[in-house]
Amino acid sequence: MSTTLISGGTVVTASGTLDADVLVAGEKIAAVFARDVTPSAEAAPAADQVIDATGKYVLPGGIDVHTHMELPFGGTVSADTFETGTRAAAWGGTTTIIDFAVQAKGTSLLATLDKWHAKADGTCSIDYGFHMIVSDVNDATLKEMDACIAAGVNSFKLFMAYPGVFYSTDGEILLAMQKAASSGATVMMHAENGIAIDQLIAQALAAGRTEPVNHGLTRPPELEGEATSRAITLAKVAGCPLYIVHLSAAQALEAVAEARDIGQNVFAETCPQYLYLSLDDLARPDFEGAKFVCSPPLRPREHQDSLWRGLRTNDLSVVSTDHCPFCFKDQKELGRGDFTKIPNGFGSVEHRMDLLHAGVAAGQLTLPRWVEVASTTPARMFGLYPRKGVIAAGSDADIVIYDPHVRQTLSAATHHMNVDYSAYEGIEVTGQVVTTLSRGRVVIGDGTYQGSPGHGTFLERGLNQYLR
Ligand SMILES: [Zn+2]
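*Asks:* Just to check I follow, could you spell out the overall build of the protein for this structure?
*Replies:* Within the protein, the regular secondary structure consists of 14 helices and 20 strands. The C-alpha radius of gyration computed for the protein amounts to 21 Å, which stays within 12% of the reference 23 Å derived for 468 residues, consistent with globular compactness. Considering only C-alpha atoms, the protein reaches an extent of 75 × 50 × 40 Å along its principal axes. Going through the 468 residues of the protein one by one, you find that 63% of them count as buried. Across the protein, every contact between residues at least 6 apart in sequence was considered, and the portion connecting residues at least 24 apart equals 76%.

Given below as structure tokens:
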């Protein structure tokens, strides 16, 4: 079994920092040597390979629990395949993604899962799991949820938005939540009041307001707050653990905080775009705003402070990306003259770790909290811990060596995502990935991609480890 010693670095975990060397044997972490207690030169046998991490951080690989590779949406398909998307993720220090298999109405969950396995199988550079999007709640679907759990998929996403496509009624949501509760599974919710939003959209179009900014104006934060509260109430009645995806609005955060204060199993994630971008970007002239169309929409800047605070107080437990890129040319352009035709989403999977580290540099998060929201909590929330999310003996050697001092400018000219623009174009951050290991194998190193599509394996996940 080949061994690698990562020497001289500062190991950062959710519980703190430690000057330590990390010994990797095969696909696992074999030992962590605190240098002032057990110097690896004395304690460890000579390793086959030594990676010098002096002056760098050694982190558990990032876990992005919300991506959409090759997602069919609005007559087109998101631009990153599992191959290009997982490679870009590795460049950015993410070593696990959890993507969404999407049930089309009238189809079965297991057939859907097979379809997504076929897309990902043999193409991923890093490990991956799946959540299941349930868009057709009926007796057969509800029965199949248990089979999904047996197949390692135990988180089910429902939508209160997109009537006619993904939308479920409150009654359907309640049924799915009851079923999830009886199996210990977690329900994930896209919480926006899609019925009310559709009325606002119809009014905007009737009045000739077709520019991209109207995507934001027709999805006001109050309707995210309302839907979040309603989801929390339904989950309480069903006794079901609830995870609010891509929380963007202060109103929604308030509802989550209130539920958590009374001990309900309610959790939430936010995404880098809601921390760094705003409605102003959506309002950029000449259809440039289309580059920033995602749902929920980017919010007025004042929401950002609430979100950072929520990350510190743990009312927001996870930062994921909702990575769902569409090229400007031919994809975003479908919505010229009608903002409702702009495919929703953009690419972030490569930049999540860097943008959060920028939050550390700005004093918004501590170093351990960075690792916690980007890796450790996602692992626990979705049943991957301690195999993933920690630097400890016995865990998978998913390790990122991170230089906290390098300055870089995010740009489509240098990113590795398969999309022709960057929503973060020109943003300068401090810090950059130097090396990424996936199960002991170097995927990114010496400024090159050294991985291989197909190295990444499907992860059967256990249950949420935060339930009370
Ligand atoms: Zn999503």
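*Asks:* Hey, could you run me through the pairing of strand β1 (residues 3-7) in this one?
*Replies:* Each regular strand displays side chains that alternate between the two surfaces of the sheet. Summarising burial for β1: five of the five residues are buried, a large majority. The alternating pattern of β1 places Thr3, Leu5 and Ser7 on one face and Thr4 and Ile6 on the opposite face, and all of these are buried. With four bridges joining them, β1 and strand β3 (residues 16-25) adopt antiparallel strand pairing. Across the sheet, residue Ile6 finds its bridge partner in β3, namely Val22. Pairing of β1 with strand β5 (residues 49-52), which is carried by four bridges, proceeds in the parallel orientation. Looking at β5, one finds that Thr4 is bridged to Gln49.

*Asks:* What is the right way to read empty space enclosed by the protein from this model?
*Replies:* One water molecule sets the probe size; rolling that probe over the atoms shows where empty space is left. Throughout the structure, instances matching the rule amount to three cavities of 30 Å³ or more. Computed from the structure, the largest cavity encloses a volume of approximately 200 Å³. Considering the residues around the largest cavity, the lining is formed by 18 residues, among which His68, Phe73, Tyr162, Asp322 and Asn344 are closest to the centre. Taken together, the residues of the lining of the largest cavity break down into nine nonpolar, seven polar and two charged. Each pocket or cavity is described by its volume, and for the second largest cavity that value is around 40 Å³. Along its surface, the second largest cavity is lined by Pro60, Gly61, Ile63, Thr95, Thr96, Lys388, Gly389, Val390, Asp396 and Asp398.

*Asks:* So what exactly am I meant to see when it comes to the packing of aromatic side chains here?
*Replies:* Using the criterion set out here, one finds 17 aromatic pairs in the structure. Considering the side-chain rings of Phe73 and Phe326, the 6.3 Å spacing of their centres and the 50 degrees angle between planes classify their relative orientation as tilted. Of the two residues, Phe73 is situated in strand β8 (residues 72-73) and Phe326 in the loop between β16 (318-319) and α13 (352-361); the sequence distance between them amounts to 253 residues. On the basis of relative accessible area, Phe73 is assigned to the buried category, the value being 16%. Judged by centre distance (5.2 Å) and plane angle (65 degrees), the ring pair of Trp370 and Tyr402 falls under edge-to-face. Of this pair, Trp370 sits in helix α14 (residues 367-381) while Tyr402 sits in strand β17 (residues 399-409), and the two are 32 residues apart along the sequence. One exposure class covers both Trp370 and Tyr402, and it is buried. Here the aromatic residues Phe73, Phe159, Tyr162, Phe166 and Phe326 are joined through ring pairs into a cluster of three or more. Here the basic side chain of Lys291 rests over the ring of Phe328, its NZ or CZ set 5.2 Å away from the ring centre.

*Asks:* It is not clear to me how the pattern of salt bridges should be interpreted in this structure. Could you clarify?
*Replies:* Pairing is possible between side chains that carry opposite charge, provided their charged atoms lie close to one another. By the definition in use, this model includes 23 salt bridges. Two residues, Arg369 and Glu372, come together in a salt bridge whose shortest N-O distance is 2.9 Å. Residue Arg369 and its partner Glu372 are both found in helix α14; the two are separated by three residues, about one turn of the helix. Residue Arg369 is classed as buried on the basis of its relative accessible area, which comes to 10%. Residues Lys388 and Asp398 are paired through a salt bridge, measuring 2.8 Å at the closest nitrogen-oxygen approach. Highlighted residues: Lys388 in the loop between α14 and β17 and Asp398 in the loop between α14 and β17, separated in sequence by 10 residues.

*Asks:* Would you take a moment to explain the coordination of the zinc ion for this structure?
*Replies:* Geometrically, a metal with four donors at the corners of a regular tetrahedron has ideal angles of 109.5 degrees, and one with six donors at the corners of a regular octahedron has ideal angles of 90 or 180 degrees. All of the protein donors around the zinc ion are His66 (NE2), His68 (NE2) and Asp322 (OD); their distances to the metal are 2.0 to 2.2 Å. For Asp322, a relative accessible area of 11% translates into the label buried.

*Asks:* So what exactly am I meant to see when it comes to the side chain of Ser155 here?
*Replies:* Take Ser155: it is sitting in strand β12 (residues 155-159). Among the polar contacts made by the side chain of Ser155, one reaches the side chain of His131 at a distance of 2.6 Å. With sequence-adjacent residues up to four places away left out, Ser155 is seen in contact with His131, Met132, Thr186, Met188, Phe382 and Arg461.

*Asks:* Help me out: how do you make sense of the side chain of Glu144 in this one?
*Replies:* Mapping Glu144 onto the fold places it in helix α4 (residues 139-150). Within polar-contact distance, the side chain of Glu144 engages the side chain of Ser108 at 3.3 Å. Beyond its immediate chain neighbours, meaning those up to four positions away, Glu144 contacts Ser108, Leu109 and Leu110.

How each quantity is defined
Residues numbered from 1 in each chain as written. Predicted model: local features only at pLDDT ≥ 70, side-chain atom pairs only at ≥ 80, totals over all residues. Heavy atoms only, no water. Helix = DSSP H or I, 4+ residues; strand = E, 2+ residues; numbered from the N terminus. Rg over C-alpha atoms; globule rule 2.2 N^0.38 Å. Buried < 20%, exposed > 50% of the residue type's maximum accessible area, 1.4 Å probe, protein only. Contact = heavy atoms within 4.5 Å. Pairing = 2+ DSSP bridges. 1 Å grid on protein atoms, 1.4 Å probe; cavity = no way out; pocket = protein on both sides within 12 Å on 5 of 7 lines; lining within 4 Å. Points joined across faces, edges and corners; volume = space filled by probe spheres on them. Nonpolar A, V, L, I, M, F, W, Y, C, P; charged D, E, K, R; others polar. Phe/Tyr/Trp six-rings, centres within 6.5 Å; stacked < 30°, edge-to-face > 60°. Lys NZ or Arg CZ within 6 Å of the ring centre and 35° of its normal. Salt bridge = Lys/Arg side-chain N within 4 Å of Asp/Glu carboxyl O. Donors = N, O, S within 2.8 Å, 3.2 Å for Na, K, Ca; no water. Polar contact = N/O pair within 3.5 Å; in protein donor to acceptor, adjacent residues only side chain to side chain.

In short, shape yes, function no, at least from these values alone.
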